[in-house]
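Single-letter residue listing:
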Amino acid sequence: MRKSFLAAVLGTVIGVSGCKAQNPNIASVGVDGFEKAILDPQVLLIDVRTPEEYAEGHIPGAINVDVRENGFMDRIFRIMTRDMRAAVYCRSGNRSKTARDMLAGYGYMVYELDPGFIAWTEAGKPVVRDESDVFLTPNGTTIVLYCIKHGSIGMKIADKWIYVDPVGRAAQPATDYSILPKADAILITHEHGDHLDADAIGQLTGDDTRIFATANCCKQLGRGDAMAPGDVRTLDGGIGIKAVPAYNTSADKQNFHPKGRDNGYLLTVDGFTIYVAGDTEDIPEMKDLPAVDVAFLPCNLPYTMSPEQLDNAARTIGPKVLFPYHYSSTDMTKVTDMLEGSGIDVRIRRYQ
């Protein structure tokens, strides 16, 4: 994230003729003018649509800040200094006008893609898709699961943001959590440095953030709600969180994740269940889990499961969708081959 730059006159990139708005801080431009504007490294590109729309496809390099969510400008202030310029867009141009007026009202200079993202795609301009997956509960609640990396997962359940094991620099590529929405809840599975990162947690923590973790993690952080397997908590909106066991069973691995120390988590809402296993092998307790819609299972020797153990765990749990995660250099084609014909939808994302 660039933090500062030398202020420039708004028309230097696209020319005054492209400006349709009366406010001198606003330039409403077409696709070609917008493309030129965002090539300037001093311009911050902001997608003001919903996270679901953003996940389906967005302009490369865009940061997602939903203009209709509370705290829009609070997030802007965290990622932009007063002398920065912005380039904003939405689907068809309506929401971007709201965003541009808010930004300009605080003195920012703003480029707005007047025809919207639809015109951008129709012009054949580049579009990228984040590694995210959208699900609907039986009652119609939207769940978006975001692949961050390694053991770090982002979730938006209805309007609640939940992060599991957010890590900044300890797992590459480095992640700047300060530009992401503040968490309603953060879940920490265990105390290893690639799962417990106080700096990342601090970046995501707001006034109402709840942190759920093991006793050791809470002690290291100096805060949090300590959970042990069997403990249950509930977030506003009826989101249930249950801690479940996570540990090594192999004799040569038990020093990595001893039984009774670490957690996995079950999250439930509207009859939809997500299982985040944490660092574990295919433990006997998996057979006692309730029906699971989505499972995250680790596959990273020598610390967690082998592909063969993951295959056994997946068949024991029987999730509708499986995300192998925390897999480092493990060849995931072996996992997909082993589970072919199982009826489990195996989705490989960038969880190295």
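Since this is a predicted model, take the numbers as computed values, not measurements.

1. Description of the pattern of salt bridges
Once their charged atoms are close, side chains differing in charge can pair, the charge on each being opposite to the other.
And then number 1: Counted by the stated rule, this structure contains 20 salt bridges.
And then number 2: Between Asp-133 and Arg-347 there is a salt bridge, and its shortest N-O distance comes to 2.9 Å. In this pair, Asp-133 is assigned in strand β6 (residues 132–136) and Arg-347 in the segment after β19 (345–346), connecting sequence segments 214 residues apart.
And then number 3: When its relative accessible area of 6% is taken as the criterion, Asp-133 is described as buried.
And then number 4: Lys-320 is paired through a salt bridge with Asp-293; the nearest N and O atoms lie 3.2 Å apart. One end of the pair, Lys-320, is in the loop between α8 (307–317) and β18 (321–325); the other, Asp-293, is in the loop between β16 (272–276) and β17 (294–298), and 27 residues separate them in sequence.
And then number 5: Where salt bridges share partners, they join Lys-97, Arg-100, Asp-101, Glu-112 and Asp-114 into one cluster.

2. Quick look at the packing of helix α3 (residues 72–79) against helix α4 (residues 94–105)
And then number 1: In contact at an axis separation of 11 Å, α3 and α4 are set at 60° when each is read in the N-to-C sense. As the angle between them shows, α3 and α4 are arranged oblique. Regarding α3 and α4, the two cross each other, and that crossing is right-handed. Across from Phe-72, Met-73 and Ile-76 in α3, the residues of α4 making contact are Ala-99, Met-102 and Leu-103.

3. Some thoughts on the sheet that holds strand β3 (residues 63–64)
And then number 1: Read across the sheet, five strands follow the order β1-β5-β4-β2-β3 without closing on themselves; strand pairing throughout is parallel. A single partner strand is all that each edge strand has here, and the edge strands are β1 (26–29) and β3.
And then number 2: By the bridge criterion, five bridges tie strand β2 (residues 43–47) to strand β4 (residues 85–89) in an arrangement that is parallel. Its bridge partner lying in β4, Val-43 is registered against Arg-85.
And then number 3: Contacts from α4 reach β1, β4 and β5 (109–113), with the element oriented near 175° to β5.

4. Considerations on α8
An α-helical turn contains 3.6 residues, so a residue and the one three or four places further along point in the same direction.
And then number 1: Residues Pro-307, Gln-309, Leu-310, Asp-311, Ala-313, Ala-314 and Ile-317 constitute the buried set of α8.
And then number 2: In this fold, the buried residues of α8 make contact with β16, β17, β18 and α9 (332–338).

5. Describing the nonpolar core
And then number 1: Grouped together as the largest cluster of nonpolar side chains are 52 residues, with contacts concentrated most on Met-155, Ile-274, Tyr-275, Phe-296 and Leu-297.
And then number 2: Here Ile-274 is in contact with Ile-143, Leu-145, Met-155, Tyr-265, Leu-266, Leu-267, Val-294 and Phe-296, once residues within four sequence places are set aside.
And then number 3: Leu-44, Ile-79, Met-80 and Ile-179 belong to the second-largest nonpolar core, a separate cluster that totals 20 residues.

6. Description of the sheet that holds strand β13 (residues 232–235)
And then number 1: With mixed pairing, the seven strands of this open sheet are ordered in space as β13-β14-β15-β16-β17-β18-β19. Edge strands, defined here as strands with exactly one partner in the open sheet, are β13 and β19.
And then number 2: As paired elements, β17 and β18 share five bridges and run parallel to each other. Bridge pairing in β18 links Ala-295 to Leu-322.
And then number 3: This element, α8, spans β16, β17 and β18 of the sheet and lies at about 160° to β17.

7. With respect to the packing of aromatic side chains
For any pair of aromatic rings, geometry is given as the distance between the ring centres together with the angle between the planes.
And then number 1: With the rule as written, the count across this model stands at 12 aromatic pairs.
And then number 2: Ring plane angle 85° and centroid distance 6.3 Å describe the contact between Phe-34 and Trp-120, whose orientation is recorded as edge-to-face. With Phe-34 in helix α1 (residues 31–39) and Trp-120 in helix α5 (residues 117–122), this pair connects stretches of sequence that are 86 residues apart.
And then number 3: Centroid distance Phe-296 to Tyr-351: 6.0 Å. Interplanar angle 85°. Geometry classified as edge-to-face. Residue Phe-296 is found in strand β17, and its partner Tyr-351 is found in the segment after β19; the two are separated by 55 residues along the sequence.

8. Brief notes about the pairing of β4
And then number 1: The element β4 is extensively covered by neighbouring structure, given that five of its five residues are classed as buried.
And then number 2: Of the two faces of β4, the one carrying Arg-85, Ala-87 and Tyr-89 and the one carrying Ala-86 and Val-88 are both buried.
And then number 3: Bridge analysis of β4 against β5 gives four bridges, and the strand direction is parallel. Bridge pairing links Ala-86 to Val-110 in β5.
And then number 4: Crossover connection from β4 via α4 to parallel β5: handedness right-handed.

9. Focus: the state of the cysteines
And then number 1: Counting across every chain of the model gives zero disulfides.
And then number 2: No disulfide involves Cys-218; its sulfur sits 7.0 Å from the nearest other cysteine sulfur, which is in Cys-217.
And then number 3: Look at Cys-218 and you get buried, because its relative accessible area is 9%.

Scoring rules and cut-offs
Residues numbered from 1 in each chain as written. Predicted model: local features only at pLDDT ≥ 70, side-chain atom pairs only at ≥ 80, totals over all residues. Heavy atoms only, no water. Salt bridge = Lys/Arg side-chain N within 4 Å of Asp/Glu carboxyl O. Helix = DSSP H or I, 4+ residues; strand = E, 2+ residues; numbered from the N terminus. Buried < 20%, exposed > 50% of the residue type's maximum accessible area, 1.4 Å probe, protein only. Axes fitted to C-alpha atoms, helices over the stretch in contact; angles between N-to-C directions. Parallel < 35°, antiparallel > 145°, perpendicular 65-115°, else oblique. Left-handed = near helix turned anticlockwise from the far one by under 90°. Contact = heavy atoms within 4.5 Å. Pairing = 2+ DSSP bridges. Core = buried A, V, L, I, M, F, W, Y, C linked by side-chain atoms within 4.5 Å. Phe/Tyr/Trp six-rings, centres within 6.5 Å; stacked < 30°, edge-to-face > 60°. Right-handed = clockwise from strand over helix to strand, strands pointing away. Disulfide = S-S within 2.5 Å.

Function cannot be inferred from these measures alone, as they are strictly geometric.
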